[in-house]
Amino acid sequence: MKRIIWRNFDFWLFGAAIFLSIFGIMMIQSAIAGNVNLEQAVSRQPLYLAGGTVLMLIMAAIDYHYWGSLARFIYIFAIASLIVIYVVGEVSYGSARWLDTGVIMIQPSEIVKILMIMVLADYFAKNYDKPHDMKWIIQSFLMTFGVVIWILLQPNLSTSIVIMVIWAALLWISGLPLKYLLILGIVGLVLIAAAFPLLEDYQRGRILNFIFPDPEASYGDTYNVEQALITIGSGGLLGQGYGQGTQVQLRFLKVRHTDFIFSAMAEEFGFVGTMVVMLLIVFVIWRCLEVGRSASDLYGSLIAYAYAAMLFFQAAVNIGVNLNVVPVSGLPLPFVSYGGSSLLSTILGIGLVESVSLRKGNIS
Amino acid sequence: MNNAKGNKPVIDKWRIRFIYILIAIVFGFYTLKLFTVQIINGNYYLEQSEDNRTNEINIQTERGIIMDRNGVVLARNVASYNVTITPADLPGDPTVNPLPGAIQEIYRELSPLIDIPVSNGVLNDDTVKLFTPCYTDFGIAEIVIIQDTNAPYTAVNVACDIDKETAMIISEKATDWPGVGIKIEPIREYPTGDMTSEIIGFLGPIPATQEEYYREEGFVTDRDKVGYAGVESTLNDILAGKNGKRVVEVDVAGKEIRDLEPPVDPIPGNNVKLTIDTRLQAATKAALIGEIQWWNRYFNTIRSSNGVAIAVNPKTGEVLAMVSYPTFENNRMAKYIPAYYYNQLLADPLTPLFNHAISAEHPPGSVFKLSTAIGVMNEGVVTPNQSLTCPGKITITEKYSPNDPGYEREYVCYDELGHGQVSYTRAIALSCDIYFYKVGGGYAGEVDEGLGIDRLAEYAKALSYGQATGIELPGEAEGLIPTSAWKRINMSENWSTGDTYIAAMGQGYVLSTALQVVESAAIIANDGVYMQPTLVREVLDSDGNVIQSFTPKVKWDITKDPLITVFDENGIATEEKKTVAPWVIDLTQEGMRKVVADTEGTAHNYLNNIIINGKEIPVAGKTGTAEYCDNVAQEKGLCIPGSWPTHSWFVGYAPYDDPEIAVVAFVYNGGEGASVAGPIARKVFEAYFELKAIDAGEPEVVEEIE
């Protein structure tokens, strides 16, 4: 067992994460723009943050090695929680993604992201000394896919991709030989090509529309991204002011409290404000990577790296969508976007990383 | 790795460094992109966002109404009731299938009231593209779905121009049927319809060629209408008013948030009171159509296809009635111009869209002798009491130049027995052709030098011929008064002596509109003063205050304004101009009175002895039986030399001693002037003086029926 040294608690990481989350709540308040239906739902976000912060501190206090030893149970629990929602899940936006716990609505797939960090980091740490061969790759892939398949079937492509990215990042950090990387790359491309016809119509449409913008495209197809660009652009250097962005407040910008909250923020706070938030997100990622570097053992490092990779991927995709350089996908901007489960999982992840940080440089 | 004690395996540093580089590249690129969008292209996007939220609303103004001189409404705006649905206000989502029960119920109850099915047609890109409210086969549900995707907070017309009772029923249901409403749109109505359509005209959509002009004036091209004919067209600027404007901030659903600029209220158009007396118009129309139809029935063929009757006040220039037959029903153009009806009017050989009163040019025939007569007296070609012999026919040498030996040609009077010795006034009364040949072109032994065409033209023009009168109607024709120069230029031929003889009696090249003919008589009746003919009596603002009252305008006075060019002995125009001596006009008036009063006068049998309320109304006038040979007559093979078809003319005024009305009646291919046009004019005179008596409150004298 390791002794907790609270001096090692990364206050910068904690502070930045909490700051971003509070900023997110504020931004969501502005982004609901008088929509009565949203107002009720959005008032829960502070509760999620408060609850999440408590859970985060508990998470930090718990030695992460416990999770390593419980990996098998966590893995089974993750799959079980995903299967349960097919039985008792709530249907929303055409997909069975929600679990009504009676107190709060939970998206198990969001929590599973953190659980998979624990499980996969454990696998790669334990198998670090074994040969990094095809078996190693396929075993870890099957392990990951055993969970992802249930999310994919919801269907929730973006969260599935996030978990696959966590797997890929851990492969990379654990020393994936470059020749396998090449093979994986090719196989990946072939699989994507093969899977393309299996995608939902709207997903195919989004991707095609992004790669080959149709000049004749109907208004609806490109409306959201076009409005996002207009929204960002109209912010200028210093923005139109909090609650003053016309694109946001008059609701020309759609899904502005979740997928396009970056655009909303860009309009109201301008280039300067947006850069501050973007740099804060980079700062959080950097602190996580630092925790990974200084962790006392491989398991801790991998947890921190995997979490950093997940944050980076989500933030990059979300901002990319807003700037119209990535096809539209439903990934939230970490800490900022509305979404209780998403915030909860992100904050829990911070707790996990803090747990690693607290135990760096100490030998039992 | 570093101080990780022993048990921590080493992670390749370069693999982590790679992640750092990846982060730097991605966020570096995003920073660049953000800078481009917000700073470099910021203004472009800001403009687009301004464009998103600002909406300019054009508020339709109300067109002025048109009344007759007594305030009888001739054109007004009536409400057209449209049933609208605002999708966002419906109780539920109108796009889901099946529809929410509350919406279904509304649709089901509304459908039979407006006779539009609840659901009809298939929505796809093509059908939606063609969708136009009011002109669609879609059912209610489809119309609402289309509107919901376009502008859910804006009402869409579901049924148009429904009757008032249904509109009342629906507006009473408004509280039970959220989202359903009644929109009132103004459409033009002409209570007097085809009785006044040749004067009033009609409205139509803004023509594509003038779109830019009207848009700059604040008109909305597919909503606002402009005059297409009649005073609706010429007085458009007075009647149209000015649309109002609001610049509002709207949200994404089109809901108005606030005014961005102070709103500009619409300025309603001005109302116009015309000089027309609707009652006289009705009587005039009835007289003209009745006469034409009587003769058509009598000959059992459409002998006369068109005709004109105009009444003006010679002292003020006011047009009291103007009838062009046939005409059109302008109420059928009220909401939109139905293509089949418009094409039918265009294709009609009787040209109902054409205002015969001002746009048709015909030979005036003997009514033109008034111009010759005044010229002859004023130029001293003969003296008033000098009598010329009318033997029934004379032989005159047709010459194209003074030295041309020419050839002999016979000219006949309409009465081949001749009229014996004819003086000036008797010549007018009898309309003696031989007299006018002789004074017009000269006749060796009796009239050394005739009036000649160039001098005749001067007098004709002074009597309003050969130029537009400037009445407030579109498409006025100028007519034609030939001169020797005109013929050389246009016909490449010298003016011949024979041309003068026939021009002197309003034949040959001479063409005129009916309005010019009535004005020539009005000028004589008004002792030489030409009053500007007009249809506009007063312009009133929308509250009824007179903003332009009627002041008669003198166009010219032939006894005071030197209008007549003086020609020297060689027939060359000089700089000098002269007036017409008042006694010439007095004498001509006497002649015109004799036309009616003398038993031998051409119109005596038709216009003498008009007695209204026991008082005789003395009429003066002139008949005309104008030979013509136009393409219609040629096609029918009517142009037999020596026996051409004739138009009937009568022009006159009353009372002779103090004229207040001048009337022209014209019947195309009507035959004799006196017997066809005369009775029409008589009825107009009778109607006018009867109406005058009624207006003055004189008790009606009931005559015993014989």
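Note that the coordinates shown come from a computational prediction; the quantities given were computed from them, not determined experimentally.

What counts and how
- Residues numbered from 1 in each chain as written.
- Chains lettered and ligands numbered in written order.
- Predicted model: local features only at pLDDT ≥ 70, side-chain atom pairs only at ≥ 80, totals over all residues.
- Heavy atoms only, no water.
- UniProt positions renumbered as here; feature names shortened; annotations may be inferred.
- Helix = DSSP H or I, 4+ residues; strand = E, 2+ residues; numbered from the N terminus.
- Pairing = 2+ DSSP bridges.
- Axes fitted to C-alpha atoms, helices over the stretch in contact; angles between N-to-C directions.
- Contact = heavy atoms within 4.5 Å.
- Buried area = accessible area lost by both parts, 1.4 Å probe.
- Salt bridge = Lys/Arg side-chain N within 4 Å of Asp/Glu carboxyl O.
- Polar contact = N/O pair within 3.5 Å; in protein donor to acceptor, adjacent residues only side chain to side chain.
- Domains from an automatic or database assignment.
- Phe/Tyr/Trp six-rings, centres within 6.5 Å; stacked < 30°, edge-to-face > 60°.
- Lys NZ or Arg CZ within 6 Å of the ring centre and 35° of its normal.
- Buried < 20%, exposed > 50% of the residue type's maximum accessible area, 1.4 Å probe, protein only.
- Core = buried A, V, L, I, M, F, W, Y, C linked by side-chain atoms within 4.5 Å.
- Disulfide = S-S within 2.5 Å.
- Parallel < 35°, antiparallel > 145°, perpendicular 65-115°, else oblique.

Let us look at the UniProt feature "transmembrane region" (unreviewed entry) in chain B. Under the local residue numbering, the UniProt record ascribes the feature "transmembrane region" (unreviewed entry) to residues 18–40 of chain B. Regarding residues 18–40 of chain B, the helix share stands at 100% and the strand share at 0%, and the terminal C-alpha atoms are separated by 31 Å.

To summarise the sheet geometry, strands pair through backbone hydrogen bonds and adopt either a parallel or an antiparallel arrangement. Residues and elements named next belong to chain B. Strand order in this open sheet of 3 strands is β1-β8-β9, and the pairing throughout is antiparallel. The sheet is open, and its two borders are formed by β1 (54–59) and β9 (256–259), each paired with just one other strand. Pairs of neighbouring strands in the sheet enclose a mean axial angle of 40 degrees, with direction left out of account. Each of β1, β8 (244–250) and β9 touches helix α2 (residues 42–53); the most contacted strand, β1, lies at about 40 degrees to it.

Before going further, it helps to examine the interface of chain A and chain B. Of the residues lining the interface, 53 residues belong to chain A; the matching set on chain B comes to 40 residues. Between chain A and chain B, a total of about 4,100 Å² is buried, with carbon and sulfur atoms accounting for 72% of that surface. Linking chain A with chain B are 1 salt bridge, by the criterion used here. Of the charged contacts in the structure, one is a salt bridge between Asp 251 of chain B and Arg 251 of chain A, with a shortest N-O distance of 2.7 Å. Linking chain A with chain B are 12 residue pairs in polar contact (both at pLDDT 80 or more), by the criterion used here.

The domain architecture assigned to chain B consists of domain 1 (13–40), domain 2 (73–191) and domain 3 (278–328 + 349–400 + 410–544 + 551–695). Computed over C-alpha atoms, the centres of domain 1 of chain B and domain 2 of chain B are 54 Å apart.

Time to look at the packing of aromatic side chains. Considering all chains together, one arrives at 40 aromatic pairs over all chains under this definition. Consider the rings of Phe 131 of chain B and Phe 138 of chain B, whose centres lie 6.1 Å apart with planes at 40 degrees: the pair is tilted. Taken together, Phe 312 of chain A together with Phe 27, Phe 29 and Tyr 30 of chain B form an aromatic cluster joined through their ring pairs. The ring of Trp 172 of chain A has Arg 15 of chain B lying over it, and the distance from NZ or CZ to the ring centre is 4.7 Å. Its guanidinium or amino end placed over the ring of Tyr 341 of chain B, Arg 332 of chain B lies 3.9 Å from that ring's centre, counting from NZ or CZ.

Before going further, it helps to spend a moment on the pattern of salt bridges. All names here are of chain B. Counted according to the given criterion, the structure contains 35 salt bridges over all chains. Note that Asp 277 is salt-bridged to Arg 279, the shortest N-O span being 3.0 Å. Residue Asp 277 is classed as buried on the basis of its relative accessible area of 9%. Classification of Arg 279 as partly exposed rests on a relative accessible area of 33%.

Within the largest apolar cluster, 137 residues are counted, with the highest numbers of intra-cluster contacts made by Leu 274, Leu 280, Ile 310, Met 322, Tyr 435, Ile 661 and Phe 685 of chain B. It is helix α24 (residues 673–695) of chain B that provides the largest number of residues to this core, a total of 10 residues. In contact with Leu 280 of chain B, other than residues within four places in its own chain, are Ala 311, Leu 320, Ala 321, Ile 661, Val 684, Ala 687, Tyr 688 and Leu 691 of chain B. In this structure, Ala 31, Leu 49, Tyr 128 and Val 277 of chain A belong to the second largest nonpolar core, which totals 120 residues.

A few words on the state of the cysteines. All names here are of chain B. All told, the structure shown has 1 disulfide over all chains when counted by the stated rule. In this model, Cys 629 is linked to Cys 639 through a disulfide, with the two sulfur atoms separated by 2.1 Å. An S-S torsion of about 115 degrees defines the bridge between Cys 629 and Cys 639 as right-handed. With a gap of 10 residues between them, Cys 629 in the loop between β25 (620–627) and α23 (631–635) and Cys 639 in the loop between α23 and β26 (646–654) connect regions that are remote in the sequence. With no disulfide partner, Cys 413 has as its closest neighbouring cysteine sulfur the one in Cys 390, 4.0 Å distant. A relative accessible area of 2% places Cys 413 in the buried class.

Turning our eyes to something else, we now look at the side chain of Ser 158 of chain A. Along the chain, Ser 158 of chain A turns up in helix α8 (residues 157–173). Here Asn 156 of chain A takes part through its side chain, which lies 3.3 Å from a polar atom of the side chain of Ser 158 of chain A.

This part is about the sheet that holds strand β11 (residues 307–312) of chain B. Residue and element names in this part refer to chain B. If you walk across this open sheet you meet the 5 strands as β12-β11-β27-β26-β25, and the pairing is antiparallel. The open sheet has two edge strands with one neighbour each: β12 (319–325) and β25. The sheet shows a mean angle of 5 degrees between the axes of neighbouring strands, direction not considered. Direction of pairing for β11 relative to β12: antiparallel, over a ladder of 6 bridges. Paired with Ala 309 across the two strands is Val 323, which belongs to β12.

Attention now moves to the packing of helix α1 (residues 11–31) of chain A against helix α15 (residues 340–358) of chain A. Residues and elements named next belong to chain A. The N-to-C vectors of α1 and α15 enclose an angle of 170 degrees; their axes lie 11 Å apart at closest approach. In terms of axis orientation, α1 runs roughly antiparallel to α15. Every residue of α15 that contacts α1 at Leu 13, Phe 14, Ala 17 and Ser 21 is listed here: Leu 343, Ile 347, Ile 350, Val 353 and Glu 354.

On to the UniProt feature "domain: Penicillin-binding protein dimerisation" (unreviewed entry) in chain B. The sites that carry the UniProt feature "domain: Penicillin-binding protein dimerisation" (unreviewed entry) are, in the present numbering, residues 59–259 of chain B. Taken end to end, residues 59–259 of chain B has its terminal C-alpha atoms 14 Å apart, with 29% of it in helix and 25% in strand.

Turning our eyes to something else, we now look at the side chain of Thr 469 of chain B. Residue and element names in this part refer to chain B. With respect to the element layout, Thr 469 can be found in the loop between α17 (453–462) and α18 (484–491). Exposure remark for Thr 469: the relative accessible area of 0% places this residue in the buried category. A polar contact of 2.6 Å, which involves the side chain of Thr 469, links it to the side chain of Glu 476. If sequence neighbours within four positions are ignored, Thr 469 has contacts with Glu 476, Leu 515, Gln 516, Glu 519, Tyr 530, Gln 532, Pro 533 and Lys 555.

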